[in-house]
Structure formats: C-alpha cells, structure tokens
There are 4 protein chains.
Amino acid sequence: MTQQLRIAILGASGYTGGELLRLLMPRADVKIIALTAERNAGQKLDAIWPQYSQADLPTLIPLKDLDPKGLDLVFCALPHGTTQAVITALPRDLKIVDLSADFRLSDPELYRQWYGQAHSAPDLQCEAVYGLSEIHRHAISTARLVANPGCYPTAAQLPLIPLLRHGLIATDDIIINAKSGVSGAGRTAQTNILFAEVAEGMQAYGVGQHRHTPEIEAGLSLAAAQPVMVSFTPHLVPINRGMLCTINVRLNAGVKAADIHALWTQSYASEPFVQILPQGSTPSTRHVRGTNLCQMAVFQDRLPQRVILLAVIDNLVKGAAGQALQNMNLMLGCKETAGLELSPLIP
Amino acid sequence: MTQQLRIAILGASGYTGGELLRLLMPRADVKIIALTAERNAGQKLDAIWPQYSQADLPTLIPLKDLDPKGLDLVFCALPHGTTQAVITALPRDLKIVDLSADFRLSDPELYRQWYGQAHSAPDLQCEAVYGLSEIHRHAISTARLVANPGCYPTAAQLPLIPLLRHGLIATDDIIINAKSGVSGAGRTAQTNILFAEVAEGMQAYGVGQHRHTPEIEAGLSLAAAQPVMVSFTPHLVPINRGMLCTINVRLNAGVKAADIHALWTQSYASEPFVQILPQGSTPSTRHVRGTNLCQMAVFQDRLPQRVILLAVIDNLVKGAAGQALQNMNLMLGCKETAGLELSPLIP
Amino acid sequence: MTQQLRIAILGASGYTGGELLRLLMPRADVKIIALTAERNAGQKLDAIWPQYSQADLPTLIPLKDLDPKGLDLVFCALPHGTTQAVITALPRDLKIVDLSADFRLSDPELYRQWYGQAHSAPDLQCEAVYGLSEIHRHAISTARLVANPGCYPTAAQLPLIPLLRHGLIATDDIIINAKSGVSGAGRTAQTNILFAEVAEGMQAYGVGQHRHTPEIEAGLSLAAAQPVMVSFTPHLVPINRGMLCTINVRLNAGVKAADIHALWTQSYASEPFVQILPQGSTPSTRHVRGTNLCQMAVFQDRLPQRVILLAVIDNLVKGAAGQALQNMNLMLGCKETAGLELSPLIP
Amino acid sequence: MTQQLRIAILGASGYTGGELLRLLMPRADVKIIALTAERNAGQKLDAIWPQYSQADLPTLIPLKDLDPKGLDLVFCALPHGTTQAVITALPRDLKIVDLSADFRLSDPELYRQWYGQAHSAPDLQCEAVYGLSEIHRHAISTARLVANPGCYPTAAQLPLIPLLRHGLIATDDIIINAKSGVSGAGRTAQTNILFAEVAEGMQAYGVGQHRHTPEIEAGLSLAAAQPVMVSFTPHLVPINRGMLCTINVRLNAGVKAADIHALWTQSYASEPFVQILPQGSTPSTRHVRGTNLCQMAVFQDRLPQRVILLAVIDNLVKGAAGQALQNMNLMLGCKETAGLELSPLIP
C-alpha cells in the first residue's frame with residue numbers, strides 16, 4: 001500500500017466531527033492521527049462516539065497538545081468565532097478544510113456587519129477558497145485553506161448558480177424557504193433543541209437575519225456578476241438529518257421551466273453528486289440521507305413567468321462533512337468521490 | 001337544563017370525525033344522536049376510537065340508515081366527491097357543516113376545472129356559505145349549508161385577507177410555502193403515509209397543482225375585489241398535527257411591516273381565535289396544537305418592500321373540526337367559543 | 001360565585017409546572033396567585049410559556065419573594081433535593097402537594113441509602129402522605145403535605161396493588177419493564193436529551209438502580225403486608241409523552257388471568273381514572289395522552305402460571321400534574337375529577 | 001476481475017428487498033440479474049426505489065418471468081405463506097436465502113400449530129438450514145436453502161444461546177420484552193402503521209401469541225438440549241429502524257453477572273458482528289442503525305440471582321437483509337464480512 005494520508009480532526013465531539021469519522025473510517029488510504037476536543041480531552045473516543053469503540057483511533061487531546069508536524073490535512077470543526085485564532089496558530093503550509101463560518105465571507109466589512117466584530121485574521125480570510133466543490137473545483141484543488149460552505153448555502157447555491165450565470169432568472173426576486181433537520185443546530189446542550197421542545201412541532205427561526213444569508217448572496221452575486229440579495233427564511237423540522245430548499249424565482253423573458261431543467265442537466269452532467277430529477281418528480285430528504293447527493297427539481301409555478309425550484313441535501317454530509325471530504329479529495333489529489341459513494345439509508 | 005342540541009356526524013371514523021367527537025363530548029348542551037361509517041358500520045364506536053369506549057355514544061350505522069328527523073345539525077366528514085350526493089339526499093331544511101371540499105368552490109366552472117368533472121349539485125353549491133368563521137361570520141350565522149374551509153386555505157387566508165381588503169400588498173406576488181402534519185392526509189391506508197415512509201424525512205408535494213389553490217384564490221380575490229392568483233407549495237412534515245404557512249408578499253408603496261402588524265391587531269382585536277404575536281416572536285405549531293387558534297407574525301424581509309408572514313394552526317382543529325364547531329356555534333346561536341376554549345398540549 | 005381557591009406553583013417553568021397551568025387554567029374556582037422560577041424570575045410567564053400570553057397570570061417571582069399568606073394550597077414542582085429546605089421554610093399549616101421525590105419515601109434510612117445523604121426534614125418526611133390517589137384517598141383528603149408519586153411508580157403500583165392485597169401473585173417474582181417519553185427527563189438543557197440524541201433510537205437506562213425502585217417497592221410492600229422487591233428496568237422512547245409498564249408476574253396457585261381481570265374490575269369499579277380494558281385489548285399510550293387515565297390489561301403468558309400486565313399513563317398527567325390536581329381536589333374538598341375530565345389528543 | 005456472482009431478489013419492492021439492494025450495490029463482485037415484484041412488475045426500479053435511479057439495475061419482472069438459469073443465489077423476500085410454493089417451483093440445485101418465516105420452523109407439527117395449516121413443502125422444510133450465522137455457520141456454508149431468522153429471534157437468541165449451552169441460566173424463567181421500529185411491520189398499506197397512528201405513541205402487540213415465539217424457543221431448546229419455553233412480549237415504538245430485547249433471566253446456582261459477561265466475551269471473541277459492551281454500558285439502537293451489529297450488555301438485577309440482558313440490532317440489517325447477506329457470503333465462499341463493514345448513521 002502507498003503511504004497513508006495523515007489527517008487530524010479538530011473538534012471531534014460534535015456532529016460534523018462525528019460525521020467526518022463515519023466517512024473517513026472506511027478509507028484505507030487515510031490514517032487519523034489526531035482528534036481534539038476540549039471539554040472531553042483525555043477521554044477515549046468511545047465515551048463520545050461509542051460506535052467507534054473497536055476502531056483504532058487516537059485518544060481525544062486538547063487542541064494545545066496537537067502536533068501538526070507531518071499532517072497532510074486538518075479538518076477544523078470548531079465553533080464559529082474561535083476558529084480564526086486556531087487556524088492562525090497552525091503552520092502556514094498545513095492544508096486545512098474549515099467547517100466553521102469563519103472564512104466563508106471573503107469581505108471583511110461584510111463579516112463585521114453580520115458578526116458584530118472585526119475578523120481577527122483578514123489575511124487568511126483573503127487566502128481562503130470557498131469550498132462549494134462543484135463550483136470552485138479548480139481553485140479548491142490548489143488551495144491551502146478551504147472554507148467549507150454552510151448547509152443552507154450549499155442547498156441554495158447549487159440550483160441557483162447555473163441559472164444566474166446564464167441569465168435565466170431575475171436577480172431581484174429570489175425567495176428561499178428552507179427547512180432543516182435538528183442536527184444542524186449542533187450538539188451543545190440548549191433547551192430549545194431538547195427533544196421535548198422540538199418533536200411534534202415546526203417553526204421558522206432567524207427570519208430575515210440568519211447568518212447564512214450573506215454567504216448565499218456572495219455566491220449568487222459572483223455567479224450573476226452583479227449584486228444579488230435574497231429573501232431567506234429557515235425553518236426547523238423535527239428530523240435528525242435533512243435539508244430542503246424551496247426556491248421561488250422569476251424567469252427572464254422567454255425562459256421556460258424546461259430551459260432550467262435543460263441547463264441544470266447540462267451544467268451538472270458530469271457531476272457525481274448532483275442529480276436532476278425527471279420532470280414531475282419531487283425530491284425527498286430521505287433519498288439523500290447519509291449521502292453526499294444534492295437532488296433538485298423544477299416546477300412551473302401557477303404565477304406566470306415564475307418557477308419553483310426544490311433542492312435536498314443531507315445537512316451533515318453535502319451540507320458539512322461530506323463536502324469537506326470531497327474538498328479534501330480535491331486538495332490531496334484523491335479521486336473526488338472516494339469515501340462518498342454512499343446509498344441512502346431508507347427507511 | 002334546556003333542550004340539548006341534536007347532532008349527527010357522517011363519517012365518524014376518520015380523523016376529522018374523531019376530532020369532532022373530542023370537541024363535542026364535553027359539551028353538556030350537545031347530544032350526539034347518530035354516527036355513520038360505511039366499512040365499520042355496525043361496530044361499536046370504540047372499535048374505531050377506543051378512547052370513547054366509556055362514553056354514551058351511538059353505534060356506527062351506515063349512512064343509509066340515518067334518520068335525519070329531529071336533528072339540529074349534521075357534520076358531514078365524508079370523502080370529497082361522494083359528499084355531493086349525500087347532501088343532496090338530506091332534507092332541504094337540515095343544517096349542515098360540510099368538511100369536504102365539495103362546496104368550497106362556488107363557481108361551477110372552477111370546480112369542473114380542478115376536479116375534472118361537473119358538480120352534481122350546482123344549486124347546493126350556490127347555496128353553500130364559505131365557513132371561514134372570522135371573515136363570513138354573519139353569513140354563516142344564517143346559513144343552512146356551510147362549506148368548512150380546507151386547512152391550508154384557513155392558514156393562508158386569515159393573514160392575507162385584511163391586507164388585501166385594505167390594499168396593503170400587491171395582488172400579483174403572493175408566494176405561499178405551506179407545511180402540514182401527516183394527519184392532514186387522512187386515515188385511509190396508503191403506502192405513502194406509512195410511518196416508515198414519512199418519518200425522518202420531508203418533501204414538497206402537489207407542487208403547482210394542489211386543489212386548495214383555487215379555494216385560496218377565491219377567498220383572496222373576494223377580499224381584493226379583483227382576481228388574485230397565488231403561488232402555493234405544500235410540504236409534508238413528519239408530525240401528527242400542525243400547519244405552518246410562510247407567505248412572502250410585496251408591500252404596496254408606502255406600506256411598512258409595522259402597518260401590517262397594526263392592521264392585523266385592529267382587524268382581529270375582538271377575535272378569540274386569532275392571535276397576533278408581538279413583533280420579533282415566531283409562531284410554532286406546538287403552541288396551537290389541539291386548539292382552535294391561528295397565531296400569526298410579520299417580519300420585514302431583507303428584500304426591499306417585501307415582508308414575510310407566518311401563520312400557524314392545528315390542521316385538525318382550526319383547519320377542520322374546530323372551525324366546524326365554531327361554525328355550528330354560529331349557526332345554532334351558541335356562544336361562538338363554546339367547546340373551543342382549549343389550551344395547547346405542550347410538549 | 002363562591003370564593004376562589006388561592007393557589008401557587010413553585011417551579012412554574014418546568015414541564016410539570018407548565019402542565020399544572022394547563023390543567024388549572026380552565027378551573028373557574030381556582031385563582032393562581034403566585035408562580036415562582038429562579039433563573040427566569042422577573043420575566044413575564046409568556047417568555048417561558050407563550051401559550052399563556054393572553055391569560056391573566058402573575059409574573060414569575062423568585063421563591064424568596066413568595067408571600068404564602070392567604071394561600072389555600074401550594075404545588076411544589078422543584079428539583080429533587082432542594083425541595084426539602086423549601087418546604088421546611090413554608091408555614092406549617094399551608095397545604096402542599098409536592099411533585100418532587102423528596103417526601104415519597106417515608107423511611108429515613110431508605111432515603112439515605114438511595115439518595116446518598118440524610119434527609120434534612122425527617123419530621124416532614126414522616127408527616128407526608130403518599131399521594132397515589134386511588135389507594136390513599138382517605139389519608140390524602142385530610143393531609144397537609146402530600147408527596148405526589150413518581151410517574152413509573154404510579155403506572156407500576158396501580159395494576160399491582162390489588163393483586164398483592166388479595167394475594168393473587170407471588171411477591172418475589174415481579175418484573176417491571178417500563179418505557180417513558182422524553183418529557184419525563186425534564187426541561188433542563190442536557191446533551192443526552194437533545195432531539196438529535198434521542199430521536200430514531202431507544203435504550204434502557206438506570207438499569208437496576210433507578211430511584212423510583214424503592215418507591216415502587218414501598219407501595220407494594222404495604223399492599224402485600226410483607227417486604228417486596230422488584231426488578232425494574234426503565235427505557236427511553238422518542239415520544240414527548242407517554243408511559244407504558246409491561247409487568248411479568250407469577251400467579252399464586254389456582255389463580256387465573258381472568259381472576260386478575262375480575263379483581264381489577266371490582267377494585268376499580270368506581271374509579272373515574274382507572275380503566276380496565278376488555279380481555280384481548282392492548283393499551284396504547286396514545287389513548288391516554290393528555291388525560292389523567294390509567295388503562296390496564298392482563299394477558300395469559302405462554303409460561304405456565306404467569307401473566308403479563310400492561311398499564312399506560314401520560315407521564316405528565318396521571319404521572320405528575322394530573323394526579324397532583326386530583327390530590328388537590330381531595331385535599332380542598334373539590335369534586336375529585338374537577339379539571340380532569342379530559343379526552344386524549346389523537347392523533 | 002473474477003467472474004461476478006449472479007444474484008436475484010424475489011420481492012424487491014419491500015423494505016427487506018430494498019435493504020438487500022443497499023447492501024449489494026457496493027459489491028463489485030456481485031451482479032444483480034433479476035428483481036421481481038408482482039403489483040409493480042414492469043416498472044423501472046426507481047418508481048419504487050428512486051435512490052437507485054442512476055444504478056444499472058434490471059426492470060422489475062413478475063415472478064413467473066424469472067429465468068433462474070445461471071443464477072448463483074436467490075434472495076427470497078416474499079410474504080410468509082406464499083413463499084413455500086415459490087421455492088418449491090425453483091430448481092432444486094439453486095442456492096436460496098429465504099427471508100420469510102416459511103422455513104424457520106423445521107418441525108411440521110409446530111408449523112401447523114402456529115400457522116393454522118399444514119406446510120406445503122415439508123421436504124424443503126426439512127432441508128432448510130436455520131441461518132443464525134454465528135450459531136450455524138458451518139451448516140450454512142454448505143446449505144442450499146437457508147431460512148434467514150426473524151428479527152426478534154436474532155436479537156433474542158444471540159445473547160441467550162451461549163448461556164443455555166453452558167448452563168448458566170434457568171431454562172424455565174426466560175422473560176423477553178422486545179421493542180421494534182415500525183419498518184419491521186413491512187411496507188404494505190395498513191391503517192395501523194400509518195404515521196398518524198403510530199407516531200407519539202407506543203404499545204405492546206401480539207402479546208403471548210407472536211409467531212416469532214416458536215422460532216425463539218426452537219433455537220433455545222437446541223442450545224439447552226432440552227425443551228425451553230419463553231415469555232415473549234413485542235412492542236411497537238415509533239422509530240423507523242431498531243430493535244431492543246430486554247431479557248430477564250434467573251441464574252443457576254453459583255453463577256454471577258460477571259460470568260455471563262465473560263462467557264459472552266469468550267464465545268463471541270472472533271465474531272465481527274457481535275459486540276459485548278463494557279460492564280455498565282447500555283446499548284442503544286442508534287449505535288447499530290444501518291449496521292449488521294448486535295450489541296449486548298448484562299446487568300445484575302436487584303432481585304437475587306437474576307440478571308437483565310440487553311441486546312440491540314437494526315431489524316432490517318442483522319434482523320433481515322444484513323444477516324441474509326452474511327449467509328450468502330458463507331454459502332458462496334465470500335469473506336463473511338463483505339459488504340457489511342458499515343458504520344452506524346448517527347444521528
């Protein structure tokens with residue numbers, strides 16, 4: 001066997017850290033060298049993830065004990081805000097996929113506006129490549145630091161970017177209604193995500209002010225080559241995993257729903273993880289659960305010159321750890337689909 | 001005690017029939033005279049609804065055995081389509097609240113267009129009063145036949161009608177994203193609503209062609225005094241009960257979100273079942289579960305001159321049996337809130 | 001109207017506190033005078049329970065600001081352990097229903113053994129009457145301090161006590177497999193009861209060492225007039241509410257399953273909240289959701305001379321707030337069923 | 001590459017059929033030659049399992065069109081009862097793993113007793129090898145027809161068989177409380193497994209008469225070398241997948257809980273799919289979801305000389321399709337774990 005890739009996961013006790021483990025474990029070409037956690041430092045991993053009790057994995061160490069020497073790549077699955085300092089302290093030649101929001105916005109002013117304080121590592125912010133794999137594949141493959149996209153931005157941008165690039169839809173009338181499973185809210189104990197607070201209910205949250213909004217707009221603006229603002233309303237739905245974006249857009253003159261289907265089909269023809277459903281089919285989050293897939297569909301709206309776009313992903317896979325692995329594959333020269341050829345778990 | 005009201009429920013074995021029972025049972029002034037069911041005819045009610053095994057309720061009879069004499073009112077909770085013939089056969093002076101879709105569209109042509117066949121009782125269609133209680137209270141109180149609104153139309157119209165009546169929003173840019181719990185799909189055995197087909201997933205359905213669309217549009221057109229078309233996308237969410245409408249609209253010139261809040265507050269000031277949340281609060285279906293409430297909120301959208309409306313109901317109560325009872329109260333001269341002063345079951 | 005009963009709830013922000021509110025609100029003869037909460041003190045109640053935003057209820061105050069003068073009864077829904085000191089500090093003539101575990105065990109030595117420290121109010125421990133309403137009705141009706149039973153002990157004792165009193169089953173072979181909904185674990189933020197840690201899974205917990213064990217044994221020993229030990233294994237199931245005890249017992253010589261059914265039927269003939277199902281029927285937690293009912297059934301086991309007992313309750317109602325209200329009714333001379341004549345919410 | 005194994009799945013539209021597809025698809029050494037379904041015959045597979053729309057899989061054919069020539073093995077995932085005739089009609093040298101209950105009982109009299117009619121293929125019943133892989137590995141590896149165990153029997157026998165073989169526990173006091181996810185009830189439309197009939201509730205079913213009982217007893221009797229009867233109570237829990245057996249047993253003289261832990265550890269030391277948890281750990285169905293694992297634990301009971309055994313599996317994997325694949329691997333000389341080295345999907 002050739003030399004194994006030497007990988008560390010910073011923040012291994014959250015859901016994205018755990019999902020990275022699930023995806024990396026079957027990879028014979030990968031060796032997990034270090035796992036960090038703060039509160040749980042010193043514990044064996046199976047105190048946090050009992051399912052890996054039989055695996056040959058390192059003990060959880062505090063970040064300060066991490067020895068980055070010889071690592072090929074680090075996944076950084078730490079909380080937003082603290083990540084900037086952590087990555088600043090890592091060697092400048094270490095490859096990193098950062099799953100936090102800290103490097104997703106390249107504009108320091110935009111960051112300050114949405115996060116209420118200045119970014120502490122503006123040079124890294126500038127260096128970071130935005131890791132929406134299908135869109136920025138080339139830049140990712142040569143990047144040192146990749147800012148892995150948020151879950152909502154992934155599910156929103158993949159259907160919209162081709163349409164904006166090719167001028168099929170209006171740029172001032174994009175209305176995104178998004179719904180997420182609860183794992184997207186993380187594993188930190190908070191009353192509002194207790195089972196008995198969430199089960200058998202649904203609601204919108206962060207209406208008009210969710211921090212994924214500027215990330216979506218930045219990607220769409222780039223695609224449209226002009227500033228794009230969106231209406232974005234996220235909702236919490238009582239399922240573990242799954243994300244659904246229902247997007248209402250206005251067609252430019254002469255464009256039809258079939259044109260969108262055709263453009264998608266062509267744009268994503270060689271993409272292993274983007275699937276365009278046959279016209280009339282409706283995507284379900286169940287069909288992508290546990291996979292790195294994004295499935296999308298387009299429907300003619302009843303309102304003239306409008307269509308409804310539907311896109312589903314697994315928020316922890318294509319929306320987080322799966323896309324991070326896809327990016328690792330690109331950065332380290334592995335086959336892009338390695339470790340990601342997964343079937344959904346149904347039911 | 002004064003004379004009890006004599007009530008029958010046609011179609012007592014489905015969820016709306018069962019919910020009518022739950023709401024009627026505590027009413028000392030109501031006596032349930034007859035319950036019909038076809039497949040289950042002849043059975044004791046507790047074979048279908050064991051929770052009422054101790055109650056003094058009639059045995060399930062087939063519709064053909066119903067004796068309408070002396071009844072004060074009939075709830076008709078039968079499947080769409082078959083209801084027309086049933087109601088035609090009932091005495092012309094019997095008061096009826098019909099929970100099917102058969103009499104919700106007053107326009108025969110519209111009915112034919114959406115249901116694929118001519119209405120068999122156009123005179124009754126003409127006679128029927130649309131039972132959105134808060135909007136048509138006066139007509140309901142003198143009606144003989146009330147067409148109880150659909151669940152989606154209830155949750156969509158209550159927030160929108162005042163805005164259209166007073167010209168606060170554009171009539172050509174109403175985008176309704178709706179989510180429903182599974183009980184809305186009924187109690188008939190179908191593979192697609194099995195637990196293992198629905199749990200841990202979500203999806204849109206009936207995109208662009210759901211039959212509640214013309215019902216919504218009819219009500220909004222009346223309010224706007226001009227034809228209104230809407231974009232309507234329903235979604236299925238794995239909860240038993242609950243409905244959430246997220247509605248994106250464009251404000252007319254000079255109108256602000258606060259104006260909507262003010263108009264709602266004023267329009268519904270004396271309504272016991274419509275609650276306007278304080279600005280910044282987000283409604284949750286859990287807070288109306290088991291109740292006849294509709295809670296609504298308005299948020300300024302990020303897109304200029306647009307707002308996001310949120311409305312929640314319990315699809316089986318305000319969306320079906322609760323509003324039916326509210327209408328019965330109006331039709332029979334009872335206190336409108338009788339039997340409906342309910343707290344939500346949380347958690 | 002006669003004078004209203006003046007009631008306070010200590011610990012109004014947890015699930016049992018909220019459930020007391022749900023049950024007390026419709027009572028015209030009850031006035032809620034004070035609500036306490038520590039972390040949330042000073043807030044309006046609807047910050048915690050938005051469903052009561054329109055109700056005329058007092059602001060949350062810290063316990064230290066409670067003025068007990070003029071109160072008819074206090075519900076104490078505080079955490080185990082801290083309750084002893086709180087109740088000690090209350091006036092000695094104030095009627096109290098305590099929903100914590102602090103006064104359920106009357107034996108100081110047993111308390112010390114299971115709770116790891118001496119009880120700080122042994123005299124109150126001695127004074128307290130165990131509030132299993134159907135069993136200790138007479139003592140409750142004259143008690144000052146009632147220790148409201150735990151949820152598991154309620155569901156386990158109601159089926160077993162008549163059998164032990166009348167010597168129908170062996171006392172050394174009682175095996176209780178119990179399953180609870182997640183609300184039983186309370187509303188405090190803890191990782192292990194997050195939605196994403198609980199949904200789509202099930203497991204046993206506290207095997208062989210759950211603190212409800214001595215409470216169950218004390219009640220059964222009293223009924224049997226000899227020491228009884230039980231095997232008790234609780235499980236966590238991903239539902240909001242509901243509790244199911246499956247109990248395997250050995251029959252004494254000559255006893256048959258039908259004898260159990262007959263004895264239950266006779267013992268509970270006049271009990272409004274205990275329902276014996278017809279032979280062959282299986283109780284479901286759904287049929288008691290939101291109600292104060294305990295439904296039970298008995299099945300002949302395949303093993304000779306053994307039977308399987310099934311009992312279901314709503315852990316927050318008959319297992320907590322509902323029984324507490326039932327006890328209040330007994331203590332204050334109200335009709336025992338006042339506020340508790342509820343139908344289950346199905347589905 | 002060497003010659004691929006040629007496989008057919010009879011009954012590909014149910015959950016076990018779908019799960020076989022999920023497990024077989026990644027196997028480069030397997031080629032799926034035929035898929036049968038009756039009602040859905042003629043349809044492309046993705047009408048039933050959209051997640052395989054991109055896979056190169058055959059169209060669904062009716063059973064009568066199956067050409068068994070050249071097949072290496074057939075999985076038979078057909079309904080109980082009809083399977084006997086189907087397998088009788090297949091060539092006598094074709095290898096078969098049957099996932100129905102038809103060949104699990106080798107005693108014709110026992111079959112007649114529990115199924116109410118004579119077995120129509122007693123010779124095949126005699127030929128069939130019971131496919132509890134860890135227990136009958138040798139016989140399975142040379143078998144032509146393997147009767148794949150039921151889900152409950154798998155979860156019940158794996159913990160019990162070593163204890164009975166080595167005489168650690170009493171044979172007349174085995175009490176099995178089992179809980180299953182809803183997928184175990186199949187994919188046929190039935191009212192009682194609708195989402196809105198199952199969610200937010202739990203109940204026992206088939207008490208004292210579930211047809212898995214004689215299957216469990218047959219396996220345990222063989223292990224004990226004497227007739228064993230068990231108390232078996234299954235429960236339905238609202239999750240998609242997962243099975244938990246809580247088993248109360250009496251220890252023989254001188255045996256302790258630690259002896260069970262030691263015997264299990266030794267008996268299953270080389271088993272890849274059986275995991276004995278460290279003492280004090282409690283198994284959760286979430287930790288085996290989507291995997292072929294059986295995890296088990298033992299706890300000292302409070303009752304003297306009794307212990308509580310806990311065992312969890314995924315009912316569709318180790319309880320059905322996964323064990324079927326494990327058996328295929330044994331029958332065809334593949335590595336036993338091929339296609340089954342899976343991590344659980346958490347959350």
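Throughout what follows, the structure given in this document is the object of discussion.

Observations regarding the interface of chain A and chain D
Between chain A and chain D, the contact holds 23 residues from the first and 23 residues from the second. For the pair chain A and chain D, the two sides together bury roughly 2,200 Å², of which 61% comes from carbon and sulfur. Of all residues in chain A, Gln51, Leu345 and Pro347 of chain A give up the largest surface area on contact with chain D, accounting jointly for 29% of the area buried on that side. Summed over the shared surface of chain A and chain D, the number is 0 salt bridges. Across the contact surface, chain A and chain D share 4 residue pairs in polar contact (both at pLDDT 80 or more). Here the residues of the side of chain A that touches chain D are counted per class, giving 9 nonpolar, 8 polar and 6 charged.

Topic: the relation of the copies chain A and chain D
If you rotate chain A by 180° and push it 0.0 Å along the axis, it lands on chain D with an RMSD of 0.0 Å. Look at the turn and shift together and you get a two-fold axis relating the two. Both copies contact each other with a shared surface, as 100% of the interface residues of chain A are interface residues in chain D too.

Quick look at helix α3 (residues 108–115) of chain A
Residues and elements named next belong to chain A. Buried within α3 we find Tyr111, Trp114 and Tyr115. Angular distribution of buried residues about the axis of α3 spans 85°; they occupy a single face of the element. If you follow the buried residues of α3, they end up packed against α2 (83–89), α4 (122–127) and α8 (212–224). Between the side-chain oxygen of the N-cap and the backbone nitrogen of Glu109 there are 2.8 Å, and the N-cap of α3 in question is Asp107. Two residues or fewer past α3, Gly116 is found with a positive phi of approximately 75°.

Focus: the interface of chain A and chain B
In this assembly, 51 residues from chain A lie in contact with 51 residues from chain B. Taking both partners together, chain A and chain B bury about 4,100 Å²; carbon and sulfur atoms supply 58% of that area. In this structure, the connection of chain A to chain B is made through 6 salt bridges. Across the salt bridge formed by Asp173 of chain A and Arg306 of chain B, the nearest N and O atoms sit 3.7 Å from each other.

Structural notes on the relation of the copies chain A and chain B
Between the two copies, chain A and chain B, the superposition gives an RMSD of 0.0 Å; the rotation angle is 180° and the shift along the axis is 0.0 Å. Interface residue correspondence from chain A to chain B reaches 100%, placing this contact among same-surface, isologous pairings.

Re the nonpolar core
Phe75 of chain A, Phe75 of chain B, Phe75 of chain C together with Phe75 of chain D are the most contacted members of the largest nonpolar core, which has 248 residues in total. Not counting residues up to four positions away in its chain, the partners in contact with Phe75 of chain B are Ile7, Ala8, Ile9, Leu10, Leu20, Leu24, Val97, Leu99, Ala324, Leu325 and Met328 of chain B.

A few points about the sheet that holds strand β8 (residues 175–180) of chain C
Residues and elements named next belong to chain C. Strands sit in the order β9-β10-β8-β11-β14-β13-β12 across an open sheet of 7 strands; the sheet is mixed. Edge strands, defined here as strands with exactly one partner in the open sheet, are β9 (203–204) and β12 (274–276). As paired strands, β8 and strand β10 (residues 231–236) are joined by 6 bridges and run parallel to one another. The residue bridging Ser180 from the neighbouring strand is Leu236, located in β10. Against the sheet, helix α6 (residues 151–165) contacts β8, β10, β11 (243–250), β12, β13 (294–300) and β14 (306–313), and its axis sits at roughly 35° relative to β11.

Remarks on the packing of helix α6 (residues 151–165) of chain D against helix α9 (residues 257–267) of chain D
Residues and elements named next belong to chain D. Between α6 and α9, the shortest axis-to-axis distance is 10 Å and the interhelical angle comes to 105°. Taken together, α6 and α9 sit at an angle that is classed as roughly perpendicular. Where α6 abuts α9, its residues Pro159, Pro162 and Leu163 lie against Ile260, Leu263, Trp264 and Ser267. Considering only residue class, the contact of α6 with α9 consists of 6 nonpolar, 1 polar and no charged.

Conventions we followed
- Residues numbered from 1 in each chain as written.
- Chains lettered and ligands numbered in written order.
- Predicted model: local features only at pLDDT ≥ 70, side-chain atom pairs only at ≥ 80, totals over all residues.
- Heavy atoms only, no water.
- Contact = heavy atoms within 4.5 Å.
- Buried area = accessible area lost by both parts, 1.4 Å probe.
- Salt bridge = Lys/Arg side-chain N within 4 Å of Asp/Glu carboxyl O.
- Polar contact = N/O pair within 3.5 Å; in protein donor to acceptor, adjacent residues only side chain to side chain.
- Nonpolar A, V, L, I, M, F, W, Y, C, P; charged D, E, K, R; others polar.
- Least-squares fit on C-alpha atoms with pLDDT ≥ 70 in both.
- Buried < 20%, exposed > 50% of the residue type's maximum accessible area, 1.4 Å probe, protein only.
- Helix = DSSP H or I, 4+ residues; strand = E, 2+ residues; numbered from the N terminus.
- Arc of directions from axis to C-beta.
- Core = buried A, V, L, I, M, F, W, Y, C linked by side-chain atoms within 4.5 Å.
- Pairing = 2+ DSSP bridges.
- Axes fitted to C-alpha atoms, helices over the stretch in contact; angles between N-to-C directions.
- Parallel < 35°, antiparallel > 145°, perpendicular 65-115°, else oblique.

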